[in-house]
Amino acid sequence: MGNRPSSGGRGLAIYPGSFDPLTRGHLDIIQRTSRIFDAVIVAVAHNPAKKHTFSVSERLRMAEDAIRRIPNAQADTYSGLLVDYIKARKGKVLIRGLRVVSDMDYEFQLAAMNRRLWSAVETVFLMPDEKYAYLSSSMVKEVARLGASVDEFVTPFVARELARKFAA
Ligand code: ADP
């Protein structure tokens, strides 16, 4: 008998974020998560108090398009407390991406708060390929707004959505 090699069966992981818009850095994290866990839910935050460039339905559409070739990934939206959403989906693992050391301060605060709100939740940090280490949604929007190509940073669908949004 003994231990059988793991088939990556580690249950459900939830990857929450604004995804305003989803970038290739986010997609890199989703792919890594899908290889470790049985299933991953990309949870697009609907927070009316935050000002987003794209509506929650636009952000969801972009996420759905990006993950269409990852069979164990799905996209959803959530509002309210993240830990309540994770409980409702019967998950326990929360994924966040860490690009550079400066992300840590905020991400650790968030992880500590979520653990305080629900002690069973585990935050797992994943590092993207280094080519995405300096990529952020806000940087991509700035580049798109100024009319440069963002093909290197986002999926073709997101590039079209950005062009539409920033068309004069
Ligand atoms: P939030 O508003 O929740 O921070 P974001 O969409 O900005 O939403 O980010 C969601 C998560 O993805 C965060 O953990 C963030 O650090 C991570 N992330 C953002 N950009 C990248 C990237 N280029 N590579 C890896 N992780 C990233």
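In this text the structure is predicted, and so the values were computed from the model without any measurement. (Residues numbered from 1 in each chain as written. Predicted model: local features only at pLDDT ≥ 70, side-chain atom pairs only at ≥ 80, totals over all residues. Heavy atoms only, no water.)

**Q** Sorry, what's going on with the site of the ligand here?
**A** Taken together, 17 residues lie near the ligand, and Tyr15, Ser18, Phe19, Gly97 and Leu135 sit nearest. Measuring from an oxygen atom of the ligand, one finds a side-chain N or O atom of His26 at 3.1 Å. A distance of 3.3 Å separates an oxygen atom of the ligand from a polar atom in the side chain of Lys50. Out of a free accessible area of 550 Å², the ligand has 88% covered by protein chains. Judged by the fraction of its atoms near the pocket grid, the ligand is located in the largest pocket. When residues of the shell around the ligand are traced back to their parent elements, those giving at least two are β1 (12–17), α1 (24–36), β4 (93–97) and α4 (101–117). Split by residue class, the shell around the ligand holds 7 nonpolar, 5 polar and 5 charged. (Near = heavy atom within 4 Å. Polar contact = N/O pair within 3.5 Å; in protein donor to acceptor, adjacent residues only side chain to side chain. Areas by Shrake-Rupley, 256 points an atom, 1.4 Å probe, with all protein chains shown as cover. 1 Å grid on protein atoms, 1.4 Å probe; cavity = no way out; pocket = protein on both sides within 12 Å on 5 of 7 lines; lining within 4 Å. Sits in = over half its atoms within 2 Å of the grid points. Helix = DSSP H or I, 4+ residues; strand = E, 2+ residues; numbered from the N terminus. Nonpolar A, V, L, I, M, F, W, Y, C, P; charged D, E, K, R; others polar.)

**Q** Explanation requested: the pairing of strand β2 (residues 39–45) in the structure shown.
**A** Within a regular strand, side chains alternate between the sheet's two faces. Most of β2 is tucked away: 6 of the 7 residues are buried. Bridge count between β1 and β2: 6 bridges; the pairing is parallel. Counted as the bridge partner of Ile14 is Ile41 from β2. For the crossover from β1 across α1 to β2, the handedness is right-handed. Bridging between β2 and strand β3 (residues 73–78) involves 6 bridges; their strand directions are parallel. Looking at the pairing, Ala43 lines up with Asp76 of β3. Remark: the β2/helix α2 (residues 56–66)/β3 crossover connection has right-handed handedness. (Buried < 20%, exposed > 50% of the residue type's maximum accessible area, 1.4 Å probe, protein only. Pairing = 2+ DSSP bridges. Right-handed = clockwise from strand over helix to strand, strands pointing away.)

**Q** Is there a simple way to explain the environment of Ser137 in this structure?
**A** Position of Ser137 relative to the elements: it lies in helix α5 (residues 137–145). On the accessibility criterion, Ser137 (13% relative accessible area) is buried. Taking the C-alpha atoms as reference points, Ser137 and Trp118, separated by 19 residues in sequence, lie 29 Å from one another. Setting aside chain neighbours within four positions, we find Ser137 in contact with Asp20, Pro21, Thr23 and His26. Polar contacts involving the side chain of Ser137 include one to the main-chain carbonyl oxygen of Pro21, which spans 2.8 Å. (Contact = heavy atoms within 4.5 Å.)

**Q** Help me understand the packing of α2 against helix α6 (residues 156–165) in this model?
**A** Packed helix pairs are characterised by how far apart their axes lie and by the angle those axes make with each other. Where α2 meets α6, the axes come as close as 9 Å, and the angle between the chain directions of the two elements is 155 degrees. The orientation of α2 relative to α6 falls into the category roughly antiparallel. Residues Glu58, Arg61, Met62 and Asp65 of α2 touch α6, and the partners they reach there are Phe157, Val158, Glu161, Arg164 and Lys165. Each residue belonging to the contact of α2 with α6 can be placed in one class, and the counts come to 3 nonpolar, no polar and 6 charged. (Axes fitted to C-alpha atoms, helices over the stretch in contact; angles between N-to-C directions. Parallel < 35°, antiparallel > 145°, perpendicular 65-115°, else oblique.)

**Q** Help me understand α1, please; the structure alone is not making it clear to me.
**A** The α-helix winds at 3.6 residues per turn, so residues separated by three or four positions along the chain end up facing the same way. An ideal rise of 1.5 Å per residue puts 18 Å on 13 residues; α1 measures up with 19 Å between its terminal C-alpha atoms. Listed as buried for α1 are Gly25, His26, Leu27, Asp28, Ile29, Ile30, Thr33 and Ser34. Measuring from the side-chain oxygen of the N-cap residue of α1 to the backbone nitrogen of Gly25 gives 3.1 Å; that N-cap residue is Thr23. (Expected span 1.5 Å × (residues − 1).)

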